[in-house]
Amino acid sequence: GKFGEFGGQYVPEALMPAIEELEDAYERYVLNNEDGFMDEFRTRLRDFGGRPTPLQRADRLSERYGREVYLKREDLVHGGAHKLNNALGQVLLAKYMGKERIIAETGAGQHGTATAMACAHLDMPCEIYMGERDINRQRPNVFRMKLNGSEVNPVTVGRGTLKEAISETMRDWATNVEDTHYVIGSVVGPHPFPSMVRDFQSVISEEARTQAQEKLGRLPDSVLACAGGGSNTMGAFAEFVSDDEVGLYAVEAGGSTLEVDEDAGVAPNSASLTTGSEGILHGARTTILQDHDGQIMESHSISSGLDYAGVGPELAHLVDIDRVTAVNVGDDDALTAFHRLSQLEGIIPALETAHAFGYLEAVAGPDATDETDALGEFVVVNVSGRGDKDLESAIEETYERDIDIAPNM
Ligand SMILES: C[C@@H](c1c[nH]c2ccccc12)[C@H](N)C(=O)O
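Keep in mind it's a predicted model, so treat the numbers as computed, not measured.

(A) Fine view of the packing of helix 14 (residues 331-345) against helix 15 (residues 351-364). The geometry of helix 14 relative to helix 15 is characterised by a closest axis approach of 7 Å and an angle of 90 degrees between their N-to-C directions. Here helix 14 is positioned roughly perpendicular relative to helix 15, judged by the angle of their axes. In this structure, helix 14 uses D333, A334, L335, A337, F338, R340 and L341 to contact helix 15, whose residues at the interface are L351, A354, H355, F357, G358 and E361. Its residues assigned to classes, the contact of helix 14 with helix 15 shows 8 nonpolar, 2 polar and 3 charged.

Structure representation (structure tokens):
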């Protein structure tokens, strides 16, 4: 369960029985397809989730950037984001394990929503832990979770955000592991969570790799994906990691600035791969935004889905060995990219997703600021989610900042 010096199982003794039971189930059902688990997972991903998603040529972006730009449309997965790939896999696994109750954490509400949908689909009771502060700023997603029949447990400890929600959910899991499975929301946490979530999300790059060869007769020169916890990132990269000729770019949230004042306790970004340092978070050794006393700093991003002070240990490892290039895009450029994709391609991306398009513009756009144009002739961008959930906040932010917008807005 190690990725170089990253990963591992840094958990309290009380959690080890749950971890060991899950490790056994992961190996039997996910790695060895015992009882046809992976066959049922793929069938339900197709019939309920709507897979495979298209690898679509972005004609106007291809013209703008003078190269072949293709979009992997995870925004078309049921629920509007790649999140269902992982939630469906883990809830189905819980059924195969004989569990009767599902718990999960959420911050932005996307993972909570995907888990609630999967639980309704598979007839499993579900409780979502969500920070009080996040409940207040993500009301549509709270409504969706309840509509799908899930309970939402407010988390009031600490800052009442994602970090505390994860810790509270792990505490519940340690107490109720007999009948409960914890559906974690990204490639984070103690082994086997990062590997298992990556395996469920790897359907993204599995499809994209085949589709690239069908459409262009070759592998892409580069794959771009935004990176919060890293689940869509690892899903988009997994099947390309062994193809050395394919460049892999993880685009983090640069927030308002990359300058981190360690005494402030609050980082103005969520670029842990770029400005973080090695530490332990939520049971794994990875790179995190921490102050000089090792206290986890509060992160910031205009997009709540990228707003996390850590990152998956496998992604930290791939950056450490230079297999993945960690880059970042600030709030303003992400918001501009949100408008640009909407206007040029008729696709309103999630604010998280917009960060990947902000990087493409920075490197290949007319006023390219980033001179290292190593993206090559054939670029794939992972459209990790759609932007309906962000409309209100994105438009509000647009008017507050000096952002170029559509002529008719
Ligand atoms: C990205 C996703 C998420 C859910 N759980 C996470 C754990 C670690 C990092 C990210 C997440 C998001 N914040 C959400 O709440 O849905």
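(B) A look at the site of the ligand. Around the ligand lies a shell of 16 residues, among which E105, T106, G107, A108 and H111 are the nearest. Within the side chain of T106, one N or O atom sits 3.0 Å away from an oxygen atom of the ligand. Within the contact set of the ligand, an oxygen atom lies 2.5 Å away from a backbone nitrogen or oxygen of G107. Contact with the protein chains hides 98% of the accessible area of the ligand, taken as 370 Å² for the molecule alone. Of all elements in the fold, only strand 5 (101-106), helix 5 (110-121) and helix 8 (162-176) reach the threshold of two or more residues within the shell around the ligand. For the shell around the ligand, the per-class residue count stands at 5 nonpolar, 9 polar and 2 charged.

(C) Expanded view of the sheet that holds strand 10 (residues 247-255). Spatially, the 6 strands line up as an open sheet ordered 3-4-14-9-10-13, and their pairing is mixed. Two strands in the sheet have a free side with no partner beyond their single neighbour: strand 3 (55-57) and strand 13 (324-330). The sheet shows a mean angle of 30 degrees between the axes of neighbouring strands, taken without regard to direction. Relative to strand 14 (residues 378-383), strand 4 (residues 68-73) is paired through 6 bridges, and the arrangement is parallel. Each bridged residue has a counterpart across the sheet, and for V69 the counterpart in strand 14 is V379. With respect to the sheet, helix 14 is in contact with strand 3, strand 10 and strand 13, its orientation differing from that of strand 13 by roughly 90 degrees. Lying on the sheet, helix 15 is in contact with strand 4, strand 9 (222-226), strand 10, strand 13 and strand 14; it crosses strand 9 at an angle near 140 degrees.

(D) Just the packing of helix 5 against helix 7 (residues 139-147), in detail. Interhelical geometry of helix 5 versus helix 7 gives an angle of 15 degrees and a closest axis separation of 8 Å. By the criterion of interaxial angle, the relationship of helix 5 to helix 7 is roughly parallel. In this structure, the crossing between helix 5 and helix 7 has a hand that is left-handed. Within the contact between the two elements, helix 5 uses Q110, G112, T113 and A116 and helix 7 uses N141, R144 and M145. Across the contact of helix 5 with helix 7, the residue classes break down as 2 nonpolar, 4 polar and 1 charged.

The rules behind the values
Residues numbered from 1 in each chain as written. Predicted model: local features only at pLDDT ≥ 70, side-chain atom pairs only at ≥ 80, totals over all residues. Heavy atoms only, no water. Axes fitted to C-alpha atoms, helices over the stretch in contact; angles between N-to-C directions. Helix = DSSP H or I, 4+ residues; strand = E, 2+ residues; numbered from the N terminus. Parallel < 35°, antiparallel > 145°, perpendicular 65-115°, else oblique. Contact = heavy atoms within 4.5 Å. Nonpolar A, V, L, I, M, F, W, Y, C, P; charged D, E, K, R; others polar. Near = heavy atom within 4 Å. Polar contact = N/O pair within 3.5 Å; in protein donor to acceptor, adjacent residues only side chain to side chain. Areas by Shrake-Rupley, 256 points an atom, 1.4 Å probe, with all protein chains shown as cover. Pairing = 2+ DSSP bridges. Left-handed = near helix turned anticlockwise from the far one by under 90°.

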